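Residues per chain are reported as follows:
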Amino acid sequence: MSNKVLVEMKVNGKNIKKEVEPRFLLTDFVRDELRLTGTHVGCEHGVCGACTILVNQEPVRGCLMFAVQADGCDVQTVESLNQPDGTLNLLQQAFSDNHALQCGFCTPGFLMTVTHFLEENHNPNEEEIREAISGNLCRCTGYENIIKAVKDAAGRLQEQQKKTVSSV
Ligand code: FES
Ligand code: FES
């Protein structure tokens, strides 16, 4: 007898309805069931931040949450960031332009953490950026270029907002 549970959630704007085993982690659900493999799994015990995704607009460790706990939630993975034609969004472009990644394993987690951070803080200083990304580990970059990328993205966001306001 299957002990699967029906879960319903919105993932990257799409309604999903699937039966899952209660032991299934949210990371495994998005990667293995939905084939959204942009979310990476590093430590699998809440330390590295590689698995960070947004649940109801808040960053969570996907490896510390069961898929059934996301029932009824709005989930965003890194695949939600770029345009359907593959065009990078402003934050992704800033990471690319500032060489903020090497192997890229940590990058999806950083992008999701910073997406939430820049929504809350449009004009962060360096200390605030360092604090915001302190839960995400990177073994390659030394963080300096990641910090530059976040500052750059914040600047681009401000420019975009000015243009939007002046065109209204
Ligand atoms: Fe989830 Fe490391 S894989 S925090
Ligand atoms: Fe390699 Fe961060 S770019 S772990």
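Remember, predicted model here, so these are calculated numbers, not experimental data.

A. Spatial organisation of the side chain of Gln92. By secondary structure assignment, the location of Gln92 is in helix H2 (residues 90–97). On the accessibility criterion, Gln92 (11% relative accessible area) is buried. From its side chain, Gln92 meets the backbone nitrogen of Asn89 in a polar contact 2.8 Å long. Discounting chain neighbours no more than four positions away, the residues touching Gln92 are Val78, Leu81, Asn82 and Leu111.

B. How the structure looks around the pattern of salt bridges. Under the definition given, this model contains 8 salt bridges. Measuring nitrogen to oxygen at the nearest pair gives 2.8 Å for the salt bridge that ties Glu126 to Lys151. On the criterion of sequence distance, the pair formed by Glu126 in helix H4 (residues 126–132) and Lys151 in helix H5 (residues 144–167) is long-range, its members being 25 residues apart. Looking at Glu126, the relative accessible area reads 30%, which means it is partly exposed.

C. Local environment of the sheet that holds strand E3 (residues 52–55). Taken together, 5 strands build an open sheet; the order of strands is E2-E1-E5-E3-E4 and the sheet is mixed. What marks the edges here is a single partner per strand, and that holds for strand E2 (14–20) and strand E4 (58–61). Neighbour-to-neighbour, the strand axes of the sheet open up by a mean angle of 40°, direction not taken into account. Of the strand pairs in this sheet, strand E1 (residues 5–11) and strand E5 (residues 74–76) are connected by 2 bridges, and their pairing is parallel. In the strand pairing of E5, Val11 is matched with Val75. With respect to the sheet, helix H1 (residues 26–33) is in contact with E1, E2 and E3, its orientation differing from that of E2 by roughly 105°. Strand contacts of helix H3 (residues 107–120): E3, E4 and E5, with the helix running at about 35° to E3, the strand carrying the most contacts.

Analysis parameters
Residues numbered from 1 in each chain as written. Chains lettered and ligands numbered in written order. Predicted model: local features only at pLDDT ≥ 70, side-chain atom pairs only at ≥ 80, totals over all residues. Heavy atoms only, no water. Helix = DSSP H or I, 4+ residues; strand = E, 2+ residues; numbered from the N terminus. Buried < 20%, exposed > 50% of the residue type's maximum accessible area, 1.4 Å probe, protein only. Polar contact = N/O pair within 3.5 Å; in protein donor to acceptor, adjacent residues only side chain to side chain. Contact = heavy atoms within 4.5 Å. Salt bridge = Lys/Arg side-chain N within 4 Å of Asp/Glu carboxyl O. Pairing = 2+ DSSP bridges. Axes fitted to C-alpha atoms, helices over the stretch in contact; angles between N-to-C directions.

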